[in-house]
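Residue-level listing of the chains:
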Amino acid sequence: RKEVEQDPGPFNVPEGATVAFNCTYSNSASQSFFWYRQDCRKEPKLLMSVYSSGNEDGRFTAQLNRASQYISLLIRDSKLSDSATYLCVVTYTGGFKTIFGAGTRLFVKA
Amino acid sequence: DVKVTQSSRYLVKRTGEKVFLECVQDMDHENMFWYRQDPGLGLRLIYFSYDVKMKEKGDIPEGYSVSREKKERFSLILESASTNQTSMYLCASSFPGTRQETQYFGPGTRLLVL
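Residues numbered from 1 in each chain as written. Chains lettered and ligands numbered in written order. Predicted model: local features only at pLDDT ≥ 70, side-chain atom pairs only at ≥ 80, totals over all residues. Heavy atoms only, no water.

Colleague: How should the overall build of chain A be read in this particular structure?
Modeller: If you tally the helices and strands in chain A, you get zero helices and 11 strands. Secondary structure elements in chain A, listed N-terminal to C-terminal, are β-β-β-β-β-β-β-β-β-β-β. Taking 2.2 N^0.38 as the reference for a compact globule, 110 residues should give roughly 13 Å; the C-alpha atoms of chain A span a radius of gyration of 13 Å, in line with that estimate. Along the longest, intermediate and shortest principal axes, the C-alpha atoms of chain A span 40 × 30 × 20 Å. The long-range fraction of contacts in chain A, counting pairs at least 24 apart against all pairs at least 6 apart in sequence, stands at 57%. With 13 positive and 10 negative side-chain charges, chain A shows a spacing of 4 Å between the two charge centroids. (Helix = DSSP H or I, 4+ residues; strand = E, 2+ residues; numbered from the N terminus. Rg over C-alpha atoms; globule rule 2.2 N^0.38 Å. Contact = heavy atoms within 4.5 Å. Lys, Arg positive; Asp, Glu negative; His and termini not counted. Charge placed at Lys NZ, Arg CZ, Asp CG, Glu CD.)

Given below as structure tokens:
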């Protein structure tokens, strides 16, 4: 079993749709959680951190459920420019142990 | 803006060759990382370094070595390239302390070993 698991997708949604991704992790000692975005043939970039209380950044909302060991990302009012792969990232041991999920591909179409 | 650069975007090498991948960051980060990314497997950590001349093995260090002689530069070495090392290689760096989890990536090097 992978330490961080994501649905690979792809998710194909129309512009304006709301789409949600989930990610599960297996190590209960995990400390910090993130969503990264990776465009085709580009490097991953931090999208947002994920906090236990949940956090929002514009159209993006991230939530963490430690009891069930999953994190989620909600994208509202999808834009064409949201098309990318979204990577779930979990760290522990002071940040040196970082596990990346394989990513979920999102295609937003006009 | 944090900038992480990698020496090559694309490389083609032959089996058995020694390959050097260079990474430079300009933000005075203590931590630097080398990953490889393969379809369906995500990013896998090869080596990381938390200080000059310090290195630690990641999850898949076999067939690789690293060098960190200067703070801003972290090199990945494939001692004898093999076809199963064909991959995308990504370098990253981060601050120490409470912000260390946020990693900044270079553009990647696509390596093809024939």
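Okay, back to it.
Colleague: Any chance you could explain the state of the cysteines here in plain terms?
Modeller: Scanning all chains against the criterion turns up two disulfides over all chains. The disulfide partner of Cys23 of chain A is Cys88 of chain A, and the S-S distance across this bridge is 1.9 Å. Taking the sign of the torsion about the S-S bond as the criterion, the disulfide between Cys23 of chain A and Cys88 of chain A, at about -70°, is left-handed. Taken together, the positions of Cys23 of chain A in strand β3 (residues 19-25) and Cys88 of chain A in strand β9 (residues 84-92) put the pair 65 residues apart, joining distant regions of the chain. The disulfide partner of Cys23 of chain B is Cys91 of chain B, and the S-S distance across this bridge is 1.8 Å. Taking the torsion about the sulfur-sulfur bond, which here is approximately -75°, the covalent link between Cys23 of chain B and Cys91 of chain B counts as left-handed. One end of the pair, Cys23 of chain B, is in strand β3 (residues 19-25); the other, Cys91 of chain B, is in strand β9 (residues 87-94), with 68 residues separating them in the sequence. The exposure classification of Cys23 of chain B matches that of Cys91 of chain B, with both residues buried. (Disulfide = S-S within 2.5 Å. Buried < 20%, exposed > 50% of the residue type's maximum accessible area, 1.4 Å probe, protein only.)

Colleague: I would appreciate a short explanation of the packing of aromatic side chains in the present structure.
Modeller: The geometry of an aromatic ring pair is captured by two quantities: the separation of the ring centres and the angle between the planes. All chains considered together, the criterion is met by 11 aromatic pairs over all chains. Seen from their ring centres, Tyr25 of chain A and Phe33 of chain A are 4.9 Å apart, and the 45° between their planes marks the pair as tilted. Each member of the pair Tyr25 of chain A and Phe33 of chain A is classed as buried. Pairwise contacts between aromatic rings join Tyr36 and Phe100 of chain A together with Phe33, Tyr35, Phe48 and Phe105 of chain B into one cluster. (Phe/Tyr/Trp six-rings, centres within 6.5 Å; stacked < 30°, edge-to-face > 60°.)

Colleague: What is the right way to look at a positive patch on the surface in this model?
Modeller: Positive charge collects at one region of the surface, where Arg41, Lys42 and Lys45 of chain A together with Arg9 and Arg110 of chain B lie side by side. With respect to the secondary-structure elements, Lys45 of chain A resides in strand β5 (residues 44-50). Classification of Lys45 of chain A by relative accessible area gives exposed; the value is 53%. (Patch = residues over 30% accessible without salt bridge, like charges linked within 9 Å, V, L, I, M, F, W, Y side chains within 5 Å. Areas by Shrake-Rupley, 256 points an atom, 1.4 Å probe, with all protein chains shown as cover. Salt bridge = Lys/Arg side-chain N within 4 Å of Asp/Glu carboxyl O.)

Colleague: Help me out: how do you make sense of the interface of chain A and chain B in this one?
Modeller: Often the size quoted for an interface is simply the accessible area lost on bringing the parts together. Counting residues at the interface gives 20 residues for chain A and 22 residues for chain B. Taken over both partners, the interface formed by chain A and chain B buries close to 1700 Å², and the fraction arising from carbon and sulfur atoms is 52%. Linking chain A with chain B are zero salt bridges, by the criterion used here. Taken together, the links from chain A to chain B amount to three residue pairs in polar contact (both at pLDDT 80 or more). Those elements that provide at least two residues to the side of chain A that touches chain B are β4 (32-38), β5, β9 and β10 (97-100) of chain A. The residue inventory of the side of chain A that touches chain B, partitioned by class, reads nine nonpolar, seven polar and four charged. (Buried area = accessible area lost by both parts, 1.4 Å probe. Polar contact = N/O pair within 3.5 Å; in protein donor to acceptor, adjacent residues only side chain to side chain. Nonpolar A, V, L, I, M, F, W, Y, C, P; charged D, E, K, R; others polar.)

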